[in-house]
Amino acid sequence: MTSSNPSSRRARKKNENPGKNMTLTGHLADLRNCLVISVLSFLAAAIICFYFASDFIVYAMSRADGYMFIQTGVAELMAQYIKVALIAGLVFASPIIIWQVEKFVGPALKKSEERKFLGVLIGGLVLFLVGAMFANFIVIPFTLQFFLNLNTIDIGGYYSIKEYISYLVAMLFSFGLVFEIPVVVAILSSFGLMKPQWMKAARRYVIVACVFVGAVITPPDITSQIMVAIPMYILFEISIVICSVIYRSRCKKLIAEGLDPDEVEALKKEERESGSRWAMAKSIVERKDQEKKKDN
């Protein structure tokens, strides 16, 4: 059996993760390539979506049965075509953009960290799309019908296509962000900033918060409020499960290293408190009190 040359082993180890041994110029070149590919993919998707922008507008108008739309400016409809094309282009180009982000950041991470980072990116995108579809198929039709039913004295009305598209975009993005709750909890739990015990203790407050948010972002209709509050609370319960899994994994890792999770948490808490201005002021006051007692 022949032993391998140490220099060849070092060369192979170096080539396993070339991103960690790149110069600043190499990193800037990689960043430029990632930005160019991301921007070009976004522009290509936006151009293709612009060709179908009128179909998107027609579909959006078909969701508002009973509404009549007008344009209040010469270029208003064209502006909506561009807006829809840009948003749709960003959605369709997002897998390539995520791939480029992971490609640039991945070499600086460990394999386990790289998998987690990629999981956060993909999970965030999927949950955002699920939230947007929930708003599109459930919340928006209910709210539109509610506002239409308010017209009990048979007043004819025409609605600006600009305001309508802006309303749809705001609703889609709002619910997309609401559905990011599990991803945010997963990130906080990974850094040890969130515990399942805290989340379980806050259940009663979260229920009130979900009802309040449902009342704010929807019309004063009990049905639509419930349809918003229930998914939000379900997301919260899913977040508790995710937090519990991550918390147990962190505890097992610390125990495997011969550390007590409670002691580690206490040390981190002491470090955070010692580094705060309040802790410094408190220590100064306590020291002065001790000096006064000695003088007395």
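Residues numbered from 1 in each chain as written. Predicted model: local features only at pLDDT ≥ 70, side-chain atom pairs only at ≥ 80, totals over all residues. Heavy atoms only, no water.

Some words on the packing of aromatic side chains
Argument step 1. As enumerated under the stated definition, the model contains 8 aromatic pairs in all.
Argument step 2. When the ring of phenylalanine 69 is compared with that of tyrosine 164, the centres are 4.5 Å apart and the planes differ by 40°; the resulting orientation is tilted. Of this pair, phenylalanine 69 sits in strand β1 (residues 69-70) while tyrosine 164 sits in helix α6 (residues 161-178), and the two are 95 residues apart along the sequence.
Argument step 3. A residue is classified by how much of its surface remains accessible, and tyrosine 164, at 6% relative accessible area, is buried.
Argument step 4. With 5.7 Å between their ring centres and 40° between their planes, phenylalanine 134 and phenylalanine 179 make a pair best called tilted. Of this pair, phenylalanine 134 sits in helix α5 (residues 111-149) while phenylalanine 179 sits in the loop between α6 and α7 (181-190); the two residues are 45 residues apart in sequence, bridging distant segments of the chain. Just as phenylalanine 134 is buried, phenylalanine 179 falls in that class too.
Argument step 5. By the ring-pair criterion, three or more aromatic residues cluster together here, those being Tyr67, Phe69, Tyr159 and Tyr164. (Phe/Tyr/Trp six-rings, centres within 6.5 Å; stacked < 30°, edge-to-face > 60°. Helix = DSSP H or I, 4+ residues; strand = E, 2+ residues; numbered from the N terminus. Buried < 20%, exposed > 50% of the residue type's maximum accessible area, 1.4 Å probe, protein only.)

Digging into the layout of surface pockets
Argument step 1. Estimated volume of the largest pocket: approximately 1,000 Å³.
Argument step 2. What lines the largest pocket is a set of 31 residues, among which Ile87, Ala88, Val91, Ala132 and Leu172 lie closest to the centre.
Argument step 3. Taken together, the residues of the lining of the largest pocket sort by class into 26 nonpolar, 3 polar and 2 charged.
Argument step 4. In this structure, the second largest pocket spans a volume of roughly 800 Å³.
Argument step 5. Looking at the second largest pocket, it is lined by 20 residues, and the ones nearest its centre are Glu113, Lys116, Phe117, Ala186 and Ser190.
Argument step 6. Secondary structure elements with two or more residues in the lining of the second largest pocket: α5, α7 and α10 (222-256).
Argument step 7. In terms of residue class, the lining of the second largest pocket is built from 10 nonpolar, 5 polar and 5 charged. (1 Å grid on protein atoms, 1.4 Å probe; cavity = no way out; pocket = protein on both sides within 12 Å on 5 of 7 lines; lining within 4 Å. Points joined across faces, edges and corners; volume = space filled by probe spheres on them. Nonpolar A, V, L, I, M, F, W, Y, C, P; charged D, E, K, R; others polar.)

What to know about the packing of helix α3 (residues 53-63) against helix α4 (residues 76-105)
Argument step 1. For the pair α3 and α4, the least separation of the axes is 9 Å and the interaxial angle reads 100°. In this view, α3 runs roughly perpendicular relative to α4, as classed from their interaxial angle. Across the interface between the two elements, Ala53, Ser54, Phe56 and Ile57 of α3 pack against Gln80, Tyr81, Val84 and Ala88 of α4.
Argument step 2. For the contact of α3 with α4, the per-class residue count stands at 6 nonpolar, 2 polar and no charged. (Axes fitted to C-alpha atoms, helices over the stretch in contact; angles between N-to-C directions. Parallel < 35°, antiparallel > 145°, perpendicular 65-115°, else oblique. Contact = heavy atoms within 4.5 Å.)

So, the pattern of salt bridges
Argument step 1. According to the stated counting rule, one finds 1 salt bridge in the structure shown.
Argument step 2. A salt bridge links arginine 203 to glutamate 237; the shortest N-O distance between them is 2.9 Å. Of this pair, arginine 203 sits in helix α9 (residues 203-217) while glutamate 237 sits in helix α10; the two residues are 34 residues apart in sequence, bridging distant segments of the chain. (Salt bridge = Lys/Arg side-chain N within 4 Å of Asp/Glu carboxyl O.)

Examining the confidence of the model for the protein chain
Should pLDDT be low for a region, the predicted coordinates there are not to be read in detail.
Argument step 1. Averaged over all residues, the pLDDT of the protein chain is 81; the fraction at 70 or higher stands at 80%.
Argument step 2. Summarising per-element confidence for the protein chain, the mean pLDDT is lowest in helix α1 (residues 6-16) (45) and highest in α4 (92). (pLDDT = per-residue confidence, 0-100.)

Points about α6
Argument step 1. In a regular helix each residue adds 1.5 Å, so 18 residues correspond to 26 Å; α6 covers 26 Å between its end C-alpha atoms and thus fits that length.
Argument step 2. Listed in full, the buried residues belonging to α6 are Ile161, Tyr164, Ile165, Leu168, Met171, Phe175, Gly176 and Val178. All buried residues of α6 project into a common sector of 165° when viewed along the axis, lining one side. Facing away from the buried side of α6 by over 90 degrees, the exposed positions are Glu163 and Leu177. (Expected span 1.5 Å × (residues − 1). Arc of directions from axis to C-beta.)

Some thoughts on α7
Argument step 1. What α7 keeps buried is the set Pro182, Val183, Val185, Ala186 and Ser189. Burial along α7 is one-sided: seen end-on, the buried residues are contained in an arc of 165°.
Argument step 2. The positive-phi residue at the C-terminal boundary of α7 is glycine 192, with phi of around 75°.

Let's talk about the side chain of glutamate 102
Argument step 1. By the secondary structure assignment, glutamate 102 is in helix α4.
Argument step 2. Here glutamate 102 sits buried without a salt bridge, and the closest side chain of opposite charge, lysine 111, lies 7.8 Å off (N-O distance).
Argument step 3. If we ignore the near neighbours within four places in the chain, the residues touching glutamate 102 are Pro107, Glu114, Phe117 and Leu118. (Lys, Arg positive; Asp, Glu negative; His and termini not counted.)

So, the environment of valine 245
Argument step 1. Residue placement: valine 245 occurs in helix α10.
Argument step 2. With a relative accessible area of 44%, valine 245 lands in the partly exposed category.
Argument step 3. Sequence separation between valine 245 and serine 189 is 56 residues; the distance between their C-alpha atoms is 9.4 Å.

So, the packing of α5 against α7
Argument step 1. Here α5 crosses α7 at 155°, and the two axes come no closer than 9 Å. Between α5 and α7, the crossing angle belongs to the class labelled roughly antiparallel. Contact residues: Val120, Gly123, Gly124 and Leu127 in α5; Pro182, Val183 and Ile187 in α7.
Argument step 2. For the contact of α5 with α7, the class distribution of residues is 5 nonpolar, 2 polar and no charged.

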